[in-house]
Amino acid sequence: MHTPGPWKYHNGTRVYAGGLEVASLSAECGHLKEMRSNGMLIAAAPDMYDLLNDLMESACYWSEYDVPIGIVDRMKAVLAKARGEA
């Protein structure tokens, strides 16, 4: 299980959950914009994981006409990857 959220990216090089550092970023000169984008993406990871889990729980109620073909399989694959099962 991951460190509970919320995770916060602090303008700099670190992502925190409460007072605990969960990620440290580095960027070569000229790539600070990418580092900031990566930090914000990492900080959003627990929220995205929880949302995807919620969507998977409701997927059994979806009609095959309501969602793009293969989306449930893609969601399962992403969750498996996040759990280290892929």
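Residues numbered from 1 in each chain as written. Predicted model: local features only at pLDDT ≥ 70, side-chain atom pairs only at ≥ 80, totals over all residues. Heavy atoms only, no water.

(A) Highlighting the overall build of the protein. Helix and strand counts for the protein stand at two helices and three strands. The order of α-helices and β-strands along the protein, N terminus first, is β-β-β-α-α. Over its C-alpha atoms, taken along the principal directions, the protein stretches across nearly 45 × 30 × 20 Å. A buried classification covers 21% of the 86 residues belonging to the protein. Within the protein, residue pairs in contact and separated by at least 24 positions form 33% of the contacts whose partners lie at least 6 positions apart. Distance between charge centroids for the protein: 7 Å, based on 8 positive and 11 negative side chains. (Helix = DSSP H or I, 4+ residues; strand = E, 2+ residues; numbered from the N terminus. Buried < 20%, exposed > 50% of the residue type's maximum accessible area, 1.4 Å probe, protein only. Contact = heavy atoms within 4.5 Å. Lys, Arg positive; Asp, Glu negative; His and termini not counted. Charge placed at Lys NZ, Arg CZ, Asp CG, Glu CD.)

(B) Seen up close, the packing of helix α1 (residues 32-58) against helix α2 (residues 71-82). Running from amino to carboxyl end, α1 crosses α2 at an angle of 140°, the nearest separation of the two axes being 10 Å. Classified by the interaxial angle, the pair formed by α1 and α2 is oblique. Along this stretch, α1 crosses α2, giving a crossing that reads as left-handed. Where α1 approaches α2, its residues Tyr 49, Leu 52, Asn 53, Leu 55 and Met 56 are matched on the opposing element by Val 72, Met 75, Lys 76, Val 78, Leu 79 and Ala 82. Here the contact of α1 with α2 is built from residues that sort into nine nonpolar, one polar and one charged. (Axes fitted to C-alpha atoms, helices over the stretch in contact; angles between N-to-C directions. Parallel < 35°, antiparallel > 145°, perpendicular 65-115°, else oblique. Left-handed = near helix turned anticlockwise from the far one by under 90°. Nonpolar A, V, L, I, M, F, W, Y, C, P; charged D, E, K, R; others polar.)

(C) The arrangement of a negative patch on the surface in detail. Taken together, the side chains of Asp 47, Asp 50, Asp 54 and Glu 57 define an acidic patch exposed on the protein surface. Here Glu 57 is to be found in helix α1. According to the relative accessible area criterion, Glu 57 is exposed, its value standing at 59%. (Patch = residues over 30% accessible without salt bridge, like charges linked within 9 Å, V, L, I, M, F, W, Y side chains within 5 Å. Areas by Shrake-Rupley, 256 points an atom, 1.4 Å probe, with all protein chains shown as cover. Salt bridge = Lys/Arg side-chain N within 4 Å of Asp/Glu carboxyl O.)

(D) Representation of the nonpolar core in the model. Of all hydrophobic cores here, the largest spans eight residues; its members are Trp 7, Tyr 9, Val 15, Ala 17, Ala 23, Leu 25, Met 35 and Ala 43. Elements with a minimum of two residues in this core: β1 (7-10), β2 (14-17) and α1. The contacts of Trp 7, once residues within four sequence positions are left out, are Val 15, Tyr 16, Ala 17, Val 22, Ile 42, Ala 43, Ala 45 and Pro 46. Grouped together as the second largest cluster of nonpolar side chains are five residues, Tyr 49, Leu 52, Ile 71 and Leu 79 included. (Core = buried A, V, L, I, M, F, W, Y, C linked by side-chain atoms within 4.5 Å.)

Function cannot be inferred from these measures alone, as they are strictly geometric.
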